[in-house]
Amino acid sequence: MSAVVGGDDKPTLGQHICGWDYRGRVVGVAVTATSDRGVAPVRGSLAVYPGTFDPFTPGHRDLVARARVMFDRVIVLLAVNADKQPTAEATARAALVRDAMPAAWRNVEVDTWTGLTTAYCSRRSATVIVRGVRTAADLRYEYQLAAMNKQLGIQTVWLPARPQLAATSSTVARAYRSAQSARPPHNTEE
């Protein structure tokens, strides 16, 4: 993968890194949004941020917060994937995600979908898929998804996780929650 860093002018959103396919077409763009100051959303844009969100972590919320200032509207899309065994039904997870959003975030909605994200994007006329990236391994995997999505007609924007949030994933959060529920209750009589 090749990379391009923004020019000498002061880019509003910070560093931009593009990934190209073998034909030289851009398949994904990573944007490091370091501040909301001076950022105006792309007019008429609708971004879809897909995931299982089991659970919805502070990192997910941070990514939505950053995406909502970049795009006119953002849909947090709970993917219903038969191959995964979520701890709660999609409607329950969607309610938890909605509850995690401040009321002031009027340009963010939550939806559920079974099927390809690109089909959902086409149905809703979304212009971009937003994905979070925590590690180099994530980027390799996300690059493959972005290349496929580009072939299906939708652009991908990668937002790197903030360093303080990068260590927490849904898998880690589920493991912690499971360990906490398996602990015997603390006996105060001893």
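Residues numbered from 1 in each chain as written. Predicted model: local features only at pLDDT ≥ 70, side-chain atom pairs only at ≥ 80, totals over all residues. Heavy atoms only, no water.

Participant: So what exactly am I meant to see when it comes to the overall build of the protein here?
Facilitator: Along the protein, the regular secondary structure elements total five helices and seven strands. When the helices and strands of the protein are placed in sequence order, the string is β-β-β-α-β-α-β-α-β-α-β-α. For the protein, buried positions account for 37% of its 190 residues. In the protein, the share of contacts with a sequence separation of at least 24, taken over all contacts with a separation of at least 6, comes to 72%. (Helix = DSSP H or I, 4+ residues; strand = E, 2+ residues; numbered from the N terminus. Buried < 20%, exposed > 50% of the residue type's maximum accessible area, 1.4 Å probe, protein only. Contact = heavy atoms within 4.5 Å.)

Participant: I tried to follow helix H2 (residues 90–100) on my own but got confused; where do I start?
Facilitator: Each α-helix winds once per 3.6 residues, and so residues spaced three or four apart point in a common direction. Along H2, the residues classified as buried are Ala90, Arg93, Ala94 and Val97. For H2, the angular spread of buried residues about the axis comes to 105 degrees, placing them on one side. For H2, exposure combined with an orientation more than 90 degrees from the buried face picks out Thr91, Leu96 and Asp99. Tucked into the core, H2 has its buried residues touching strand E4 (71–80) and strand E5 (108–114). (Arc of directions from axis to C-beta.)

Participant: Teacher, can you tell me more about the pairing of strand E3 (residues 42–51) here?
Facilitator: Consecutive residues of a regular strand have side chains that alternate between opposite faces of the sheet. Along E3, seven of the ten residues are buried, which leaves the element largely enclosed by surrounding structure. Handedness of the crossover joining E3 and E4 through helix H1 (residues 58–70): right-handed. Both E3 and strand E6 (residues 128–133) contribute to a ladder of two bridges, which runs parallel. Looking at the pairing, Val48 lines up with Ile129 of E6. (Right-handed = clockwise from strand over helix to strand, strands pointing away. Pairing = 2+ DSSP bridges.)

Participant: What is the right way to read the confidence of the model for the protein from this model?
Facilitator: Any segment with low pLDDT has predicted coordinates that should not be analysed in fine detail. Here the protein shows a mean pLDDT of 77. Residues at 70 or above account for 65%. With pLDDT under 50 throughout, residues 1–17 is counted as low confidence; its partners more than four residues away or in other chains account for 34 contacts. (pLDDT = per-residue confidence, 0-100.)

Participant: I tried to follow the pattern of salt bridges on my own but got confused; where do I start?
Facilitator: Charged atoms that come close allow side chains of opposite charge to pair. One pass over the full model with this rule turns up six salt bridges. Where Asp62 meets Arg162, a salt bridge forms, and the shortest distance between an N and an O atom there is 2.9 Å. Taken together, the positions of Asp62 in helix H1 and Arg162 in the loop between strand E7 (155–160) and helix H5 (170–182) put the pair 100 residues apart, joining distant regions of the chain. For Arg162, a relative accessible area of 23% translates into the label partly exposed. (Salt bridge = Lys/Arg side-chain N within 4 Å of Asp/Glu carboxyl O.)

Participant: I'm lost on the packing of aromatic side chains in this one. Help?
Facilitator: Aromatic rings in a pair are described by how distant their centres are and how their planes are angled relative to each other. Scanning all chains against the criterion turns up three aromatic pairs. Their ring planes at 65 degrees and their centres at 5.1 Å tell us that Tyr49 and Phe53 sit as a pair that is edge-to-face. Accessibility classification places Tyr49 together with Phe53 in one group, the buried group. Taking the centre distance of 5.2 Å and the plane angle of 65 degrees together, the rings of Trp113 and Tyr120 count as edge-to-face. Residue classification places Tyr120 among the buried positions, given a relative accessible area of 1%. An aromatic cluster is defined as three or more aromatic residues linked by ring pairs; in this entry it consists of Tyr49, Phe53 and Phe56. (Phe/Tyr/Trp six-rings, centres within 6.5 Å; stacked < 30°, edge-to-face > 60°.)

Participant: Would you mind going over unusual backbone geometry with me for this structure?
Facilitator: Excluding glycine, residues mostly have negative phi values, and the peptide bonds linking residues are mostly trans. Omega for the peptide link from Asp54 to Pro55 comes to 5 degrees, which places this bond in the cis form. Relative to the elements of secondary structure, Pro55 occurs in the loop between E3 and H1. With a phi close to 50 degrees, Phe53 is a non-glycine residue in the positive phi region. Mapped onto the elements, Phe53 comes out in the loop between E3 and H1. Of note, the phi angle at Ser125 is positive, near 60 degrees, even though the residue is not glycine.

Participant: Would you explain the nonpolar core in this entry?
Facilitator: Looking at soluble globular proteins, one finds that nonpolar side chains tend to be buried together. Formed by 24 residues in total, the largest nonpolar core has its most connected members in Val64, Phe71, Val76, Val97, Met101 and Val130. Broken down by secondary-structure element, the contributors of at least two residues to this core are E3, H1, E4, H2, E5, E6 and E7. With six residues, H1 is the largest single contributor of residues to this core. Every residue in contact with Val64, bar those within four places of it in the chain, is listed here: Tyr49, Phe56, Val76, Met101, Trp105 and Val108. Counting ten residues, the second largest nonpolar core, distinct from the first, contains Ile75, Leu77, Tyr120 and Cys121. (Core = buried A, V, L, I, M, F, W, Y, C linked by side-chain atoms within 4.5 Å.)

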